[in-house]
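Tertiary structure, described
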Amino acid sequence: MSETFRKFLRTLPDFPSDLPGFEPENAPQDPALLFKQWLDEALDAGEQQPHAFSLATVGTAGGAGPQPSSRMLILKNIDDDGWHFATSRTSRKGRELAAAPRAAMNFYWPALGRQVRLAGSVAELSAEASSMDWHERPRADGSDNPNWQLYALQPVEIEFWQASNDGRHVRHRVGPDGTPLE
């Protein structure tokens, strides 16, 4: 099965034939503005849930030492505090963030061959902001959830990646202020 599955995976398409170009020198210097531009383009391209991202944290599972863990979440906002997301403090990710407040986010828009990757520290936002986020959820029934926590990832690096069918993918890696990183 392994050889057959490997061959099957090789037959799957990588990227659409009509990918957009990307020239970092012509992009907004502010990474949040560039992200919002790419998010709008993902919406225009018909991407479902373009605000969904994979959040990776690290914890210890069953005494096996540091174990990475990844799951999908929804971006709540971007402001001076960072890139917002929320979860229960008692969830696995909540416990992992309490023990090691660092994480990585990855947004992926296959129709455009684009992804945005961020990594940095994570801060808990206020109880008031967390409560407001809880009550703004579509499923909120008016009750409170004292375990609900709004977090902000404060990136130290942000990478905008644009696929290219000729294999010359473009990586634009910047700090939170837009300064290019090596």
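Everything numeric here is computed off the predicted structure, so don't read it as measured data.

This chain's UniProt record puts "binding site: FMN" (unreviewed entry) on Arg-71, Met-72, Leu-73, Ile-74, Leu-75, Lys-76, Arg-92, Lys-93 and Gln-115. Across 45 residues of sequence, these annotated residues are also dispersed in space, with a maximum C-alpha separation of 25.3 Å. Positionally, Met-72 belongs in strand β2 (residues 66-74). Met-72 sits in the exposed class, given a relative accessible area of 56%. Beyond its immediate chain neighbours, meaning those up to four positions away, Met-72 contacts Ala-52, Phe-53 and Ser-54. Here Arg-92 shows up in helix α3 (residues 92-99). Discounting residues that sit within four places of it in the chain, Arg-92 has contacts with Ala-61, Pro-68, Ser-69 and Arg-71.

Our next topic: the packing of aromatic side chains. Enumeration according to the criterion identifies 13 aromatic pairs in this entry. Between Phe-15 and Trp-161 the ring centres are 5.9 Å apart and the planes differ by 50 degrees, which places this aromatic pair in the tilted class. Placement of Phe-15 in the loop between α1 (2-11) and α2 (31-44) and of Trp-161 in strand β7 (residues 148-162) is noted, with a sequence separation of 146 residues between them. Classification of Phe-15 as partly exposed rests on a relative accessible area of 22%. Clustering of aromatic rings is evident, with ring pairs tying together Phe-35, Phe-53, Trp-83, Phe-85, Phe-107, Trp-109 and Tyr-151. Its guanidinium or amino end placed over the ring of Trp-38, Arg-114 lies 4.2 Å from that ring's centre, counting from NZ or CZ. Over the face of the ring belonging to Trp-148 we find Arg-137, whose NZ or CZ atom lies 4.5 Å from the ring centre.

By the definition in use, this model includes ten salt bridges. A salt bridge links Glu-159 to Arg-117, with the nearest nitrogen and oxygen atoms 3.8 Å apart. Taken together, the residues span a long stretch of sequence, with Glu-159 in strand β7 and Arg-117 in strand β6 (residues 114-124) at a distance of 42 residues. For Glu-159, a relative accessible area of 9% puts it in the buried group. Among the charged side chains, a network of salt bridges with common partners joins Arg-117, Glu-157, Glu-159, Arg-171 and Arg-173.

Bringing the environment of Thr-90 into the picture now. Tracing the sequence through the fold places Thr-90 in the loop between β4 (82-88) and α3. By relative accessible area, Thr-90 is classed as partly exposed at 47%. With 87 residues separating them in the primary sequence, Thr-90 and Glu-3 have C-alpha atoms 42 Å apart. The residues touching Thr-90, leaving out its near neighbours within four places in the chain, are Arg-95 and Asn-147. Separated by 2.8 Å, the side chains of Thr-90 and Ser-88 make a polar contact.

Burial analysis of β4 places seven of its seven residues in the buried class, the great majority of the element. Here strand β3 (residues 77-79) pairs with β4 via three bridges, running antiparallel. Paired with Asn-77 across the strands is His-84, a residue of β4. The antiparallel pairing of β3 with β4 creates a hairpin that spans two residues between the two strands. Of the strand pairs in this sheet, β4 and β7 are connected by six bridges, and their pairing is antiparallel.

Procedures and definitions
Residues numbered from 1 in each chain as written. Predicted model: local features only at pLDDT ≥ 70, side-chain atom pairs only at ≥ 80, totals over all residues. Heavy atoms only, no water. UniProt positions renumbered as here; feature names shortened; annotations may be inferred. Helix = DSSP H or I, 4+ residues; strand = E, 2+ residues; numbered from the N terminus. Buried < 20%, exposed > 50% of the residue type's maximum accessible area, 1.4 Å probe, protein only. Contact = heavy atoms within 4.5 Å. Phe/Tyr/Trp six-rings, centres within 6.5 Å; stacked < 30°, edge-to-face > 60°. Lys NZ or Arg CZ within 6 Å of the ring centre and 35° of its normal. Salt bridge = Lys/Arg side-chain N within 4 Å of Asp/Glu carboxyl O. Polar contact = N/O pair within 3.5 Å; in protein donor to acceptor, adjacent residues only side chain to side chain. Pairing = 2+ DSSP bridges.

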